[in-house]
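Tertiary structure, described
Chain by chain, the residues:
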There are 2 protein chains.
Amino acid sequence: MGGVTGCVFCAIAAGDVPAPVVGSTDGLVAFLDNRPVFKGHVLVAPRSHVVTLMDLPAPSVGPLFVFVRAVAAAVEGGLGAGGTFVAVNNKVSQSVPHLHVHVVPRTKGDGLRGFFWPRTKYASDEEAATYARRIAAAFPGD
Amino acid sequence: MGGVTGCVFCAIAAGDVPAPVVGSTDGLVAFLDNRPVFKGHVLVAPRSHVVTLMDLPAPSVGPLFVFVRAVAAAVEGGLGAGGTFVAVNNKVSQSVPHLHVHVVPRTKGDGLRGFFWPRTKYASDEEAATYARRIAAAFPGD
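Just so we're clear, the structure is a prediction, and the values are computed from it rather than from any experiment.

1. Observations regarding the relation of the copies chain B and chain A
Both copies of the chain are related by one operation, a rotation about an axis with a shift along it. You can overlay chain B on chain A at an RMSD of 0.0 Å; the transform is a turn of 180° with a shift of 0.0 Å along its axis. Each copy turns onto its partner about a two-fold axis. Considering only C-alpha atoms, the part of chain B nearest the rotation axis is Gly 62 of chain B, at 1.7 Å. The overlap is high: 100% of the interface residues of chain B also sit at the interface in chain A, so the same surface is used on both sides.

Put into structure tokens, the structure is as follows:
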């Protein structure tokens, strides 16, 4: 709990660093990314410092994404967007090591296809099955 | 509830279309995307047919992302990935109109930077504040 020295998202959550806040709850704050993919790109972060989604306590996961869902609806409604992209980077490509969910307004034909293209293929059904088994065997215990 | 005719994810959830399943719960199924961004790319979908995250009933949001979190841990642990990318397309770029959460294994330097680059900038703090206000004003009622 509480802020981590030098963490900009902890500072924003505490109000020590100004940011355009779009909404908040007791445990969460939503503010504009200052380098948006598209204008209106929001970041939703827990006020408490955790690094990844896996570090967030299970009881906090539901409230985070219920709020993310409300933010996505507000981005769509408030900006007249055609849709939204909701994304979390866990470790790789995570610019700030404080969990944050991106909510990006989307418009058909906006050019944001980079992530989903190009795709690859499995060499065979057997190769796919092998990947599935490796993942299935690694589920965390309850 | 139940399957929608012609929906491939409903068919996978029902077991009518084979897919490499990596895990499931009563309400959710996780299976390999057949055109992965990287091999081991998993899709997590509710068994019931809803189109977007906004269409998912609030009580189902927490269980979905608690399971997504477990899938992300399994993808990371099972494949020795350096991290994961968790993403939802709502409407725009949504290839199948049945809610699904992408869980993509990531490795530093894997080249998946397209989405987060290039970024744009707000012309001024006032422009950013205007965007924040438009979004803040559009939050759905409780």
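Now that the structure has been shown, the text picks up again.
2. Remarks on the nonpolar core
Of all hydrophobic cores here, the largest spans 58 residues; its most connected members are Val 42, Val 44 and Phe 65 of chain A together with Val 42, Val 44 and Phe 65 of chain B. Those residues in contact with Val 44 of chain B that sit more than four places away from it in its chain are Val 29, Ala 30, Leu 64, Phe 67, Val 68, Val 71, Leu 99, His 100, Val 101 and Val 103 of chain B.

3. Here we look at the packing of helix H2 (residues 58–79) of chain A against helix H3 (residues 125–136) of chain B
Running from N to C, H2 of chain A and H3 of chain B point in directions that differ by 110°, and their axes come no closer than 7 Å. With respect to H3 of chain B, the axis of H2 of chain A lies roughly perpendicular. For the crossing formed where H2 of chain A meets H3 of chain B, the hand is right-handed. In this structure, H2 of chain A uses Ala 74, Val 75, Gly 78 and Leu 79 of chain A to contact H3 of chain B, whose residues at the interface are Tyr 131, Arg 134 and Ile 135 of chain B. By residue class, the composition of the contact of H2 of chain A with H3 of chain B is 5 nonpolar, 1 polar and 1 charged.

4. A word on the side chain of Glu 76 of chain B
Examined against the element boundaries, Glu 76 of chain B turns out to sit in helix H2 (residues 58–79). Every residue in contact with Glu 76 of chain B, bar those within four places of it in the chain, is listed here: Met 54 and Lys 91 of chain A together with Ala 81, Gly 82, Gly 83 and Thr 84 of chain B.

5. Re unusual backbone geometry
If you check the backbone angles, Lys 91 of chain A has positive phi at about 75° while not being a glycine. Since its relative accessible area comes to 42%, Lys 91 of chain A is described here as partly exposed. For Ser 93 of chain B, which is not glycine, the phi dihedral falls at a positive 70°. Classification of Ser 93 of chain B as partly exposed rests on a relative accessible area of 38%.

6. Digging into helix H3 (residues 125–136) of chain A
With 12 residues, H3 of chain A ought to run about 16 Å at 1.5 Å a step, and its terminal C-alpha atoms sit 16 Å apart, in line with that. Listed in full, the buried residues belonging to H3 of chain A are Ala 128, Tyr 131, Ala 132 and Ile 135 of chain A. Projection of H3 of chain A onto a plane perpendicular to its axis shows the buried side chains occupying an angular sector of 100°, all on one side. Facing away from the buried surface of H3 of chain A by more than 90 degrees, the exposed residues are Glu 126 and Arg 133 of chain A. Those residues of H3 of chain A hidden inside the fold are in contact with strand E1 (21–24), strand E2 (28–32), strand E3 (42–46) and H2 of chain B.

7. Quick word on the sheet that holds strand E4 (residues 83–90) of chain B
Pairing within the open sheet is antiparallel, and its 10 strands lie in the order E1(A)-E2(A)-E3(A)-E5(A)-E4(A)-E4(B)-E5(B)-E3(B)-E2(B)-E1(B). Each edge of the sheet is formed by a strand with only one pairing partner; in this case those strands are strand E1 (21–24) of chain A together with E1 of chain B. Adjacent strand axes in the sheet meet at a mean angle of 20°, parallel and antiparallel pairs treated alike. Of the strands in this sheet, E1, strand E2 (28–32), strand E3 (42–46), strand E4 (83–90) and strand E5 (101–106) of chain A touch H2 of chain A, which is tilted by about 20° from E5 of chain A.

8. Describing the interface of chain B and chain A
Facing the 70 residues of chain B at the interface are 70 residues of chain A. With both sides pooled, the region where chain B packs onto chain A buries about 6,500 Å², and carbon together with sulfur makes up 67% of that total. Our count for the chain B to chain A interface comes out at 4 salt bridges. A salt bridge links Glu 127 of chain B to Lys 39 of chain A, with the nearest nitrogen and oxygen atoms 3.1 Å apart. Viewed at the interface, chain A and chain B are joined by 20 residue pairs in polar contact (both at pLDDT 80 or more). Elements that contribute at least two residues to the side of chain B that touches chain A include exactly E1, H2, E4, strand E5 (101–106) and H3 of chain B.

9. Describing the packing of aromatic side chains
Using the criterion set out here, one finds 8 aromatic pairs over all chains in the structure. Between the aromatic rings of Phe 67 of chain A and Phe 139 of chain B, the centroid separation amounts to 5.9 Å while the plane-to-plane angle is 25°, which identifies the pairing as stacked. Of this pair, Phe 67 of chain A sits in helix H2 while Phe 139 of chain B sits in the segment after H3, each in a different chain. Phe 67 of chain A sits in the buried class, given a relative accessible area of 8%.

10. A few points about the confidence of the model for chain A
The pLDDT averaged across chain A works out to 89; a share of 94% of its residues lies at or above 70. In the predicted assembly, ipTM is 0.90 and pTM is 0.91.

11. A closer look at the environment of Leu 32 of chain A
Turning to its location among the elements, Leu 32 of chain A is positioned in strand E2. Ignoring sequence-local partners within four residues, the contact set of Leu 32 of chain A consists of Pro 20, Val 22, Gly 40, His 41 and Val 42 of chain A together with Tyr 122, Ala 128, Tyr 131, Ala 132 and Ile 135 of chain B.

The rules behind these values
Residues numbered from 1 in each chain as written. Chains lettered and ligands numbered in written order. Predicted model: local features only at pLDDT ≥ 70, side-chain atom pairs only at ≥ 80, totals over all residues. Heavy atoms only, no water. Least-squares fit on C-alpha atoms with pLDDT ≥ 70 in both. Contact = heavy atoms within 4.5 Å. Core = buried A, V, L, I, M, F, W, Y, C linked by side-chain atoms within 4.5 Å. Buried < 20%, exposed > 50% of the residue type's maximum accessible area, 1.4 Å probe, protein only. Axes fitted to C-alpha atoms, helices over the stretch in contact; angles between N-to-C directions. Helix = DSSP H or I, 4+ residues; strand = E, 2+ residues; numbered from the N terminus. Parallel < 35°, antiparallel > 145°, perpendicular 65-115°, else oblique. Left-handed = near helix turned anticlockwise from the far one by under 90°. Nonpolar A, V, L, I, M, F, W, Y, C, P; charged D, E, K, R; others polar. Expected span 1.5 Å × (residues − 1). Arc of directions from axis to C-beta. Pairing = 2+ DSSP bridges. Buried area = accessible area lost by both parts, 1.4 Å probe. Salt bridge = Lys/Arg side-chain N within 4 Å of Asp/Glu carboxyl O. Polar contact = N/O pair within 3.5 Å; in protein donor to acceptor, adjacent residues only side chain to side chain. Phe/Tyr/Trp six-rings, centres within 6.5 Å; stacked < 30°, edge-to-face > 60°. pLDDT = per-residue confidence, 0-100.

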